[in-house]
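# Structural characterization, general
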Amino acid sequence: MSTGAGLPHPKDAGAAWSAVAQALRESRPISEPDVNLLAAWLEGRLEESEAAPVESWIAANPLEASTRLAELRESLTEAPPNVPHKLLLRLRALRPQRKSTHQPMPSFWRRMPQVAAVAATLAIGLFGAYGSYEMGLRGSLPALEQERQFAQASLPEFLPPEDEFFFD
Amino acid sequence: MSLQDSDISRLIAGDRSAWDAFVRSAAPVVLAAARRTLERAGRTNEADDVVQQVFEKLVRDDFRLLRTYDPGRAQLSTWLSVVTNSAALDHLRRLKRAPEPREILPEDGETTPPAADPLPIPRNLLTPRQAAIMALLYERELDVSEVARLLGITEQTVRSAHHKALTRLRVYFSEEFPELGDAKARPARITGK
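Bear in mind the structure is a predicted one, so any value in this text is a computation, not a measurement.

## Some words on the overall build of chain B
- From N to C terminus, chain B includes 7 helices and 0 strands.
- When the helices and strands of chain B are placed in sequence order, the string is α-α-α-α-α-α-α.
- Split into buried and exposed, the 193 residues of chain B put 35% on the buried side.
- In chain B, 59% of the contacts between residues at least 6 apart in sequence involve partners at least 24 apart.

Shown next as structure tokens:
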């Protein structure tokens, strides 16, 4: 059954579309368009190629999409309602409190444990170093003294007494 | 101050006066969209709750949602309406009282085609716009002017796209299924490839 223009009768066209639509919907799920994209589409800012995701969504979900689009267009054209004062107060209270990005310097007393720890570490280190130096110095003094005496000693001191030098 | 003049950067930085000004100018837009969406379920009395939910979403996680707004693409009022429409639908879904989409039943005299072997169909048989127009005309049963208004295009564009879509469908079915004679006697089930 065809119309005079050689096109399918509307009833047949609907049936043909139904088959095609079913196939397309089964072949790939169409997700809801991005908020920015849908907003731009509503304002008529998109070229046909850019609008493809939105129009594919409409083709895949004509009932839901057309209802939503109609609601959006109506809400955008109607006069804005008065907002109850109580609601405005509730909304104003939703403002998140920003955390300060810079921390105040802690007081000296709050930092006292850290200061004490650093001081103790330094003191122990210095004491240890000095102690090691002293121990090393004292340990080497007798040896130096012996060496000095040895160097100053004369030859006779090394020779045995004469009465022992000769054999009877 | 209009909504479009809202200083988003100051607002996100935590400026109290910027936030208060934003609330004053955005709340009516959000409330209008919430009421319009909830109206279908007869729940406009819950619009205030949805408005609060929307503002909570905007500020959550350090304004994560509000930061996604692209002023180069749409006006803030349009963007907020889309966000609110989505939030209101979520609200209705949570309540499980949202009207389920009505199943499209075949017209009298037509029978639901029995399942048959799946047949391939080209994805680009129709452009997305042609497909959307066909869906709105034949499934949603809107007339040309309603489709034009919904899609934001002229009636002439709708008629032209509709004509091209019908021609493509006719050619496709006559080439792929010449034995069927016309579209009505189409294969029972066609799947995309």
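There is more to say after this.
## Quick word on the overall build of chain A
- Scanning chain A for helices and strands turns up 7 helices and 0 strands.
- Across chain A, helices and strands are ordered from the amino to the carboxyl terminus as α-α-α-α-α-α-α.
- The 168 residues of chain A split such that 24% are buried.

## Focus on the nonpolar core
- Counting 78 residues, the largest nonpolar core has Val-20 of chain A together with Val-30 of chain B as the members making the most contacts within it.
- Among the elements that take part in this core, helix α2 (residues 16-39) of chain B stands out by supplying 12 residues, more than any other.
- Leave out the neighbours within four places in its chain, and Val-30 of chain B touches Val-51, Val-54, Leu-80 and Thr-84 of chain B.

## What about unusual backbone geometry?
All names here are of chain B.
- The phi dihedral of Asp-61 is positive, around 50°, even though this residue is not glycine.
- The class for Asp-61 is exposed, based on 9 C-beta atoms found within 10 Å.
- One non-glycine residue with positive phi stands out, namely Glu-141, at about 60°.
- You can see Glu-141 is positioned in the loop between α5 (128-139) and α6 (144-151).
- The exposure class assigned to Glu-141 is exposed, which follows from the 11 C-beta atoms found within 10 Å.

## Quick look at the packing of α2 of chain B against helix α4 (residues 76-95) of chain B
All names here are of chain B.
- One can describe the packing of α2 onto α4 by two numbers: an axis separation of 8 Å at closest approach and a directional angle of 40°. The orientation of α2 with respect to α4, classified from their angle, is oblique. As for the relative orientation of α2 and α4, their crossing is right-handed in sense. The residues of α4 that touch α2, namely those facing Ala-26, Val-29, Val-30, Ala-33, Ala-34, Thr-37 and Leu-38, are Ser-77, Leu-80, Ser-81, Thr-84, Asn-85, Ala-88 and Leu-89.
- Classifying every residue of the contact of α2 with α4 by side-chain character gives 9 nonpolar, 5 polar and no charged.

## Observations regarding the interface of chain B and chain A
- Taken together, the 64 residues of chain B in the interface contact 61 residues of chain A.
- Top element by residues in the side of chain B that touches chain A is α2 of chain B. It accounts for 13 residues.

## Focus: the confidence of the model for chain B
All names here are of chain B.
- The pLDDT averaged across chain B works out to 83; a share of 77% of its residues lies at or above 70.
- Confidence scores differ between elements of chain B, with helix α1 (residues 8-12) showing the lowest mean pLDDT of 86 and α6 the highest of 96.
- Here residues 182-193 is modelled with pLDDT under 50, and outside its nearest four sequence neighbours on either side it reaches 54 contacts, counting other chains as well.
- This complex was scored by the predictor with a pTM of 0.68 and an ipTM of 0.79.

## A look at the packing of helix α5 (residues 85-92) of chain A against helix α3 (residues 47-67) of chain B
- Their axes nearest at 10 Å, the elements α5 of chain A and α3 of chain B cross at an angle of 20°. In terms of their interaxial angle, α5 of chain A and α3 of chain B are classed as roughly parallel. Like other packed secondary-structure pairs, α5 of chain A and α3 of chain B cross with a definite hand, here right-handed. The residues of α3 of chain B that touch α5 of chain A, namely those facing Leu-87, Arg-90 and Leu-91 of chain A, are Asp-48, Val-51, Gln-52 and Phe-55 of chain B.

Procedures and definitions
Residues numbered from 1 in each chain as written. Chains lettered and ligands numbered in written order. Predicted model: local features only at pLDDT ≥ 70, side-chain atom pairs only at ≥ 80, totals over all residues. Helix = DSSP H or I, 4+ residues; strand = E, 2+ residues; numbered from the N terminus. Buried ≥ 20, exposed ≤ 12 C-beta atoms within 10 Å, placed from the backbone. Contact = placed C-beta atoms within 7 Å. Core = buried A, V, L, I, M, F, W, Y, C linked by C-beta atoms within 7 Å. Axes fitted to C-alpha atoms, helices over the stretch in contact; angles between N-to-C directions. Parallel < 35°, antiparallel > 145°, perpendicular 65-115°, else oblique. Left-handed = near helix turned anticlockwise from the far one by under 90°. Nonpolar A, V, L, I, M, F, W, Y, C, P; charged D, E, K, R; others polar. pLDDT = per-residue confidence, 0-100.

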